[in-house]
Amino acid sequence: MSINIKSAADIQGMREACRLASEVLDYLTPFVTAGVTTKEIDRLAGEYMVNVQGTRSATLGYQPPGYPPYPASLCTSLNNVVCHGIPNEKPLKKGDIMNIDVTVITKDGWFGDNSRMYLIGETSIAAKRLCQVTFEAMWVGIMQVKPGNRLGDVGHAIQKFAEGHGYSVVREFCGHGIGKVFHEEPQVLHYGRPGTLEVLKPGMVFTIEPMINIGRREIKEHGNDGWTIVTKDRSLSAQWEHTVLVTETGYEVMTMSAGSPATPAFVNAETLPATA
Ligand code: MF3
Ligand code: CO
Ligand code: CO
């Protein structure tokens, strides 16, 4: 097995899929407020993908070995939910933090995968800081993406940054190669040692999607839905996700659209933050 290198035409297909995945989040943003249920957000997203974009959800009916079919068009992971939260009838309330993770499939069969954190009303300073640091941790990882660097450099940078802020990195879930297949090689760990693992080459496309906990890194399955993952100590967890292309000189973040949160200033300055 080896890592698929995308052609120029493949990259065009991925650019479209990734922009559309990001635009689903743009569309949802104004609806993500106190009083709305995650099921309603899921319904809006499903209709937007199918009726407006002409895409479809990659998660609806998704069934990796050992899992039941995933029942929704997106994942909504609230507060202590680490990932794979299933939309339900419970209204959001002020102070909640929530990840929305959207993966679309275009008519041509390309997958675009991304997620963002949403703050519902005024949240605690601790929750806000977790979301901000996790966003920066994703970007610190993205900054390591260039030909010749290795996946261990990406994971190490994220781990050092997150742990440097007193947080922990979830180990059981990782980023992944993506293309005409949802989850393909390589696995992109969000922890590790510099100079280890796969060497990055132009044309590789993978996600970077760190899950960062305020408390301990251990997780458990929430219950009997077969999907929802929570922190074992019930502490808050945050996640951001982009799909990234390795270019000749560095990286291209493919999941960008008009509503994407601004790139951190330290990325534009091409220096690591003082806290890294
Ligand atoms: N979008 C998630 C990822 O980033 C996968 C969700 S699978 C689901 O890889 F079935 F839970 F939706
Ligand atoms: Co995702
Ligand atoms: Co992903």
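See above for the structure.
Cut-offs used in this document
Residues numbered from 1 in each chain as written. Chains lettered and ligands numbered in written order. Predicted model: local features only at pLDDT ≥ 70, side-chain atom pairs only at ≥ 80, totals over all residues. Heavy atoms only, no water. Helix = DSSP H or I, 4+ residues; strand = E, 2+ residues; numbered from the N terminus. Buried < 20%, exposed > 50% of the residue type's maximum accessible area, 1.4 Å probe, protein only. Contact = heavy atoms within 4.5 Å. 1 Å grid on protein atoms, 1.4 Å probe; cavity = no way out; pocket = protein on both sides within 12 Å on 5 of 7 lines; lining within 4 Å. Points joined across faces, edges and corners; volume = space filled by probe spheres on them. Nonpolar A, V, L, I, M, F, W, Y, C, P; charged D, E, K, R; others polar.

**Comments concerning the environment of Leu92**
Secondary-structure assignment places Leu92 in the loop between strand E3 (81–83) and strand E4 (97–105). According to the relative accessible area criterion, Leu92 is buried, its value standing at 4%. With 28 residues separating them along the chain, Leu92 and Ile120 place their C-alpha atoms 7.3 Å apart. Discounting residues that sit within four places of it in the chain, Leu92 has contacts with Val32, Thr33, Ala34, Gly35, Val36, Thr38, Ile41, Leu78, Met98 and Ile120.

**Some details on empty space enclosed by the protein**
Considering all chains together, one arrives at 1 cavity of 30 Å³ or more under this definition. The calculated volume of the largest cavity comes to roughly 60 Å³. Forming the walls of the largest cavity are Ser22, Asn114, Ser115, Arg116, Phe135, Met138, Trp240, Glu241, His242, Thr255, Ser260 and Pro261. Contributions of two or more residues to the lining of the largest cavity are made by strand E5 (111–119) and helix H3 (125–142). By residue number, the principal contributor to the lining of the largest cavity is E5, which donates 3 residues. A breakdown of the residues in the lining of the largest cavity according to their chemical character gives 4 nonpolar, 6 polar and 2 charged.

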